[in-house]
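If you want the building blocks of each chain, they are given just below.
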Amino acid sequence: MKIYKFGGASVRSAEGVANLCRIVKGEQGALFIVVSAMGKTTNALELVLEDFIGGNTASALDRLHEIEQYHREIMAGLLHQGEDFSADGISAGTNRVGALFSELGGLLAAASKRDDYDSWYDRIVSYGELISTTIVSGYLAAQGVPNRWLDMRRCFVTDSRHREANINVDRSTLLLRQAVDAFPEQVFVAQGFIGATPGGCPTTLGREGSDYSAAMAGYILGADSVTIWKDVEGVLNADPRLFSDAVHIPQLTYLDAIELAYSGAQVIHPKTIKPLQNKGIPLYVKPFLAPDHAGTLICGRIDTPIGVPILILKQRQVLISIRPKDFSFVLDESLPEIFSVFNQYRQKINLIQSSAVNLSLCVDDSRYLERVVDTLQTGFRVVYNKGMELLTVRGYDDASYRRFAGAEGVYLVQKTRRTMRVVRLAGLSGVSAVVAK
Ligand code: ADP
Ligand code: ASP
Ligand code: MG
């Protein structure tokens, strides 16, 4: 069996879904397809949630209506794609999608207790993937690709760390294998990004988490390979939207890919690589607009060295300096206490630098930042700078060192033998070759 993962960009329009179908039709053997929410639907559902939590039900329903319109346009567009579609298949799908929107609308209108942001997030935002897979599954069927839609809330059992849940491998193995074995179809359509607690509460796996879903499905089903279909040639040495001189990398080791993903390269979710590495399953990153292109192969050993520095830019960063009020040594006595506060608020730490009495941390800007700072301020003096970005250069050379470390607006530079990291002010002109997003 192969795993194919299609992200939001690949299914953002009727043409995208039709293209997915062409790729799937080109595959002969058993296929497990993991699909994200269409286009920017997850962002849109996050705004629905903000209104809902704020008690603004009317606005939440208006936003939901816009999301429904967007999906209906895609379904209408699909009626005109391909030659041998069956209108019945499409209209059955349309009814199921309508039912999902009604269900979500009902939830938004009825709920009176709206205090648990994280668990409401998962209940509401998970609809993005339920809807996209329903459309994809219906269209594939209409195009003569028999397939089975799987509800991943019944296949991936997770812990209850809402918004950032972890998949329980043992329990999920049993359920996913049972689900796949129960059906004669060769093609399965599954949601990325979602699962459920043992009690059945929906959970999500962290933003961009569909890659992680695909990797875990690959691991559990012992797949021959996992392919992530993207709007780029494969993995490049930098985000082409940010660095105009980015070049394609044909092969990467699992280790390089983990470093790249963990440092913030949006192209792969950080949790994707480990499960595949553990079973030696190759991961391909390929362009959905040119399926015959070799893309990038990520595996244990590579034939061609990378040859260029890899640049990863993490935006919306905050540089925090923490100093114990009593001037105790920060590394000796305060670390566990500081880290537990960050952990409590799921605030990711991306870089750490310490001196005797000072700890500098570069972290993602998030809705919990103020609370983290407030909590820490009881025992520590805390100052922070927002509006920063973290640039990681893996395999840096003299030229990249000069280009980035010595530039204006740099607050902190860290170097190991292979990797250089720079915390700098975001959006400064002349800092680098960064172009606006
Ligand atoms: P998906 O549709 O799968 O969610 P994303 O938009 O999240 O896709 O990821 C694809 C984007 O990742 C590309 O369009 C590109 O701008 C960005 N990207 C960031 N870093 C890299 C990199 N090193 N190589 C390729 N693409 C990258
Ligand atoms: N739809 C989710 C997101 O946008 C998951 C994913 O796309 O991987 O974060
Ligand atoms: Mg994405």
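Scoring rules and cut-offs
- Residues numbered from 1 in each chain as written.
- Chains lettered and ligands numbered in written order.
- Predicted model: local features only at pLDDT ≥ 70, side-chain atom pairs only at ≥ 80, totals over all residues.
- Heavy atoms only, no water.
- UniProt positions renumbered as here; feature names shortened; annotations may be inferred.
- Helix = DSSP H or I, 4+ residues; strand = E, 2+ residues; numbered from the N terminus.
- Buried < 20%, exposed > 50% of the residue type's maximum accessible area, 1.4 Å probe, protein only.
- Contact = heavy atoms within 4.5 Å.
- Near = heavy atom within 4 Å.
- Polar contact = N/O pair within 3.5 Å; in protein donor to acceptor, adjacent residues only side chain to side chain.
- Areas by Shrake-Rupley, 256 points an atom, 1.4 Å probe, with all protein chains shown as cover.
- Nonpolar A, V, L, I, M, F, W, Y, C, P; charged D, E, K, R; others polar.
- Core = buried A, V, L, I, M, F, W, Y, C linked by side-chain atoms within 4.5 Å.
- Expected span 1.5 Å × (residues − 1).
- Bend = angle between axes of the 7 residues up to and from the residue.
- Axes fitted to C-alpha atoms, helices over the stretch in contact; angles between N-to-C directions.
- Parallel < 35°, antiparallel > 145°, perpendicular 65-115°, else oblique.
- Left-handed = near helix turned anticlockwise from the far one by under 90°.
- Pairing = 2+ DSSP bridges.
- pLDDT = per-residue confidence, 0-100.

- As annotated in an unreviewed UniProt entry, the chain carries the name Aspartokinase and is attributed to Alistipes indistinctus YIT 12060.
- The UniProt entry for the chain carries the following text under Sequence similarities (unreviewed entry): "Belongs to the aspartokinase family."
- As its UniProt record puts it under Catalytic activity (unreviewed entry), the chain is described as follows: "L-aspartate + ATP = 4-phospho-L-aspartate + ADP".

## Some words on the environment of A265
Argument step 1. Of note, A265 is situated in the loop between α9 (254–262) and α10 (273–279).
Argument step 2. Judged by its relative accessible area of 15%, A265 falls in the buried class.
Argument step 3. A265 sits 46 residues away from L311 along the chain, and the two C-alpha atoms are 8.5 Å apart.
Argument step 4. Not counting residues up to four positions away in its chain, the partners in contact with A265 are L260 and I312.

## Details of the site of ligand 1
Argument step 1. The local shell around ligand 1 holds 17 residues, among which K230, D231, L236, D239 and R241 are the closest.
Argument step 2. Within the contact set of ligand 1, an oxygen atom lies 2.8 Å away from a side-chain nitrogen or oxygen of K230.
Argument step 3. Here an oxygen atom of ligand 1 sits 2.9 Å away from a polar atom, N or O, in the side chain of Q266.
Argument step 4. Relative to its unbound accessible area of 570 Å², ligand 1 is 92% covered by the protein chains.
Argument step 5. For the shell around ligand 1, the residue count by class is 7 nonpolar, 4 polar and 6 charged.

## Here's the deal with the site of ligand 2
Argument step 1. Taken together, the neighbourhood of ligand 2 is formed by S36, A37, T42, E129, F193, R207, E208, G209 and S210.
Argument step 2. E208 places a main-chain nitrogen or oxygen 2.7 Å from an oxygen atom of ligand 2.
Argument step 3. In isolation ligand 2 offers 260 Å² of accessible surface; the protein chains occlude 93% of this area.
Argument step 4. When the residues that make up the shell around ligand 2 are grouped by side-chain class, the tally is 2 nonpolar, 4 polar and 3 charged.

## Focus on the nonpolar core
Argument step 1. If you look at the biggest cluster of nonpolar residues, it comprises 113 residues, and the most contacted ones within it are F32 and L176.
Argument step 2. Dropping the residues within four chain positions of it, L176 is found in contact with F32, L150, M152, C155, F156, A217, I220 and L221.

## Re helix α11 (residues 330–344)
Since the α-helix advances by 3.6 residues per turn, residues separated by three or four positions end up pointing in the same direction.
Argument step 1. Here α11 is 15 residues long and its end C-alpha atoms lie 20 Å apart, about the 21 Å a rise of 1.5 Å per residue gives.
Argument step 2. Where α11 bends most, at P336, the angle is about 35 degrees.
Argument step 3. If you check which residues of α11 are buried, you get V330, S334, L335, I338, V341 and F342.
Argument step 4. Among the structural elements, β11 (310–324), β12 (349–354), β13 (359–364), α12 (369–376) and β14 (380–394) are those in contact with the buried residues of α11.
Argument step 5. After α11 finishes, the residue R346 shows a positive phi value of roughly 50 degrees.

## Digging into the packing of α11 against α12
Argument step 1. The contact between α11 and α12 brings their axes to 9 Å, and the two run at 155 degrees. Judged on the interaxial angle alone, α12 and α11 are roughly antiparallel. Crossing of α11 against α12: the hand is right-handed. Here I338, V341 and F342 of α11 come into contact with α12, specifically with V372, T375 and L376.
Argument step 2. A class-by-class count of the residues in the contact of α11 with α12 yields 5 nonpolar, 1 polar and no charged.

## A look at helix α3 (residues 57–78)
Argument step 1. For α3, built from 22 residues, the straight-helix expectation of 32 Å at 1.5 Å per residue is met to within 8% by its first-to-last C-alpha distance of 32 Å.
Argument step 2. Along α3, the residues that are buried comprise A60, L64, I67, E68, H71, I74, M75, G77 and L78.

## Thoughts on the packing of α3 against helix α6 (residues 127–142)
Argument step 1. Their axes nearest at 11 Å, the elements α3 and α6 cross at an angle of 10 degrees. When the axis of α3 is compared with that of α6, the two are roughly parallel. Touching H71, M75 and L78 of α3 are I131, I135 and Y139, all from α6.

## Quick look at the pairing of strand β15 (residues 410–415)
Argument step 1. In this sheet, strand β16 (residues 419–425) lies alongside β15 in antiparallel orientation, the contact comprising 5 bridges. Along β16, the bridge assignment pairs V410 with R424.
Argument step 2. Adjacent in sequence and paired antiparallel, β15 and β16 are bridged by 3 residues.

## Let's talk about the confidence of the model for the chain
Argument step 1. Mean pLDDT for the chain: 91, with 95% of residues reaching 70 or above.
Argument step 2. Below pLDDT 50 for its whole length, residues 429–437 participates in 19 contacts with residues either more than four positions away or in separate chains.

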